[in-house]
Amino acid sequence: MEGLVTNIQHFTIHDGPGIRTELFLKGCPLQCRWCSNPETMSAKPEVAVQASRCIGTAKCGSCLEACPLCDKGVFLRAGDRIVAIDREICDGCLACVDACPAEALTTLGKRMTVDQVMAEILADRVFYEKSGGGATISGGEPLVQWRFTLEVLKRCRREGIHTCLETSMQCQPEILDEVLPFTDLVITDLKQMDDALHRRYTGVGNGLIHGNIARTVEQGIPTIIRIPVVPGVNDDLENIDATARFILEVLGNRALQVQLLPYRPLGIEKYASLGREYPMSELAVADRSALADRIKALTERLRSFGIPAVSGANANTPALSAGEESSDRLA
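Residues numbered from 1 in each chain as written. Predicted model: local features only at pLDDT ≥ 70, side-chain atom pairs only at ≥ 80, totals over all residues. Heavy atoms only, no water.

### Examining the pattern of salt bridges
Taken as a whole, this structure holds 11 salt bridges when the rule is applied. Taking the shortest distance from any N to any O, the salt bridge between E46 and K26 comes out at 2.7 Å. On the criterion of sequence distance, the pair formed by E46 in strand β3 (residues 46–49) and K26 in the loop between β2 (20–25) and β3 is long-range, its members being 20 residues apart. Using a relative accessible area of 10% as the deciding quantity, one classes E46 as buried. One salt bridge in this structure joins D189 and K191, with 3.3 Å as the shortest N-O distance. Here the salt bridges share partners, and the residues they tie into one network are D15, E166 and R226. (Salt bridge = Lys/Arg side-chain N within 4 Å of Asp/Glu carboxyl O. Helix = DSSP H or I, 4+ residues; strand = E, 2+ residues; numbered from the N terminus. Buried < 20%, exposed > 50% of the residue type's maximum accessible area, 1.4 Å probe, protein only.)

### With respect to helix α3 (residues 114–122)
Residues of α3 that are buried: V114, V117, M118 and I121. Relative to the axis of α3, the buried residues are bounded by an arc of 100 degrees and lie together on one face. Looking at the packing, one finds that the buried side of α3 touches β2, β7 (110–113), α4 (125–131), β8 (134–138) and α5 (146–158). (Arc of directions from axis to C-beta. Contact = heavy atoms within 4.5 Å.)

### Re the side chain of D124
Among the structural elements, D124 can be located in the loop between α3 and α4. Comment: no salt bridge for buried D124; closest opposite-charge side chain is R125, at 10 Å. (Lys, Arg positive; Asp, Glu negative; His and termini not counted.)

### Things to note about the pairing of strand β4 (residues 75–78)
Both faces of the sheet carry side chains from a regular strand, because those side chains alternate between them. Where β4 and strand β5 (residues 81–85) come together, 4 bridges link them in antiparallel fashion. Paired with A78 across the two strands is R81, which belongs to β5. Taking the residues that link successive antiparallel strands as the turn, the β4-β5 hairpin has 2 residues, and the phi of G79 there is positive, at about 70 degrees. (Pairing = 2+ DSSP bridges.)

### A word on the packing of aromatic side chains
Inspection of every chain in the model, using the stated rule, returns 3 aromatic pairs. Arranged with centres 4.9 Å apart and planes meeting at 85 degrees, the rings of F11 and F127 form a pair that is edge-to-face. Of this pair, F11 sits in strand β1 (residues 2–12) while F127 sits in helix α4, and the two are 116 residues apart along the sequence. Take F11: its relative accessible area is 48%, and that puts it in the partly exposed class. When the centroid spacing of 5.3 Å and the interplanar angle of 75 degrees are considered together, the rings of Y271 and Y278 count as edge-to-face. Residue classification places Y271 among the buried positions, given a relative accessible area of 2%. (Phe/Tyr/Trp six-rings, centres within 6.5 Å; stacked < 30°, edge-to-face > 60°.)

See the structure below:
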């Protein structure tokens, strides 16, 4: 079995307890306007263009010779330098990537087997044992490739490695039911409580997501909820109070932790390499100190309802061991 992987990051500390190995899979059903990983949105391999590395078609031209669609205008140029790919024309054959000597053209998305992924995860076992860490599967949305995700989770469980699934919850409940028995911790988001606004900023409504979060908590799976605080999008008291009501009334205040994270204009260069405009370029982002103060106030607001809210992604994240019973993990 193969999966399409964008990155395997070692020694991470933000997505789950302890030191972790994080697997990023390609493909996502959401199109969040603030997404900092646009290379994970498409479920297919893509060509990224680093225009500054291109040595010019006059001196090189290897990509032009290799591409079967060159005469269709697939390469966009500034002078003789390749600066972008026409995604409507490109068929993803990746011949240009193989031909480019300067690595101005690179592939986003590498096919890997479960064995190859597990070799990367197992190489870090000593760090998990010393820190209470493990493996985190993220995306994109890892449940787009749910069979591959499930097999990695099963293999980690057999090896006694703590597993964390970072998911948007935009999937069929039956898929969630397949993967949860092999998942020690779930990290998910509450981005915007208003369904229409959620659809505007992410491309999908929030009904399925909310139902799946409730389904996860009801099955006793330790769940961390994150709120990416985006100025002008979800940082108003109306939304934060609606979030509190959902956590209290629908989830029974059983979230392990609620983490409020600051919006950062990251990934702008990644959008450029894909020939896309950064969707939040019109956002007037508050300075860091002002945003930090706002997050602190929203965190205190949630805490006033008795919700275990914290500022930041790794603020005293509860440690969980692989193989513990759900009842013990929630005790």
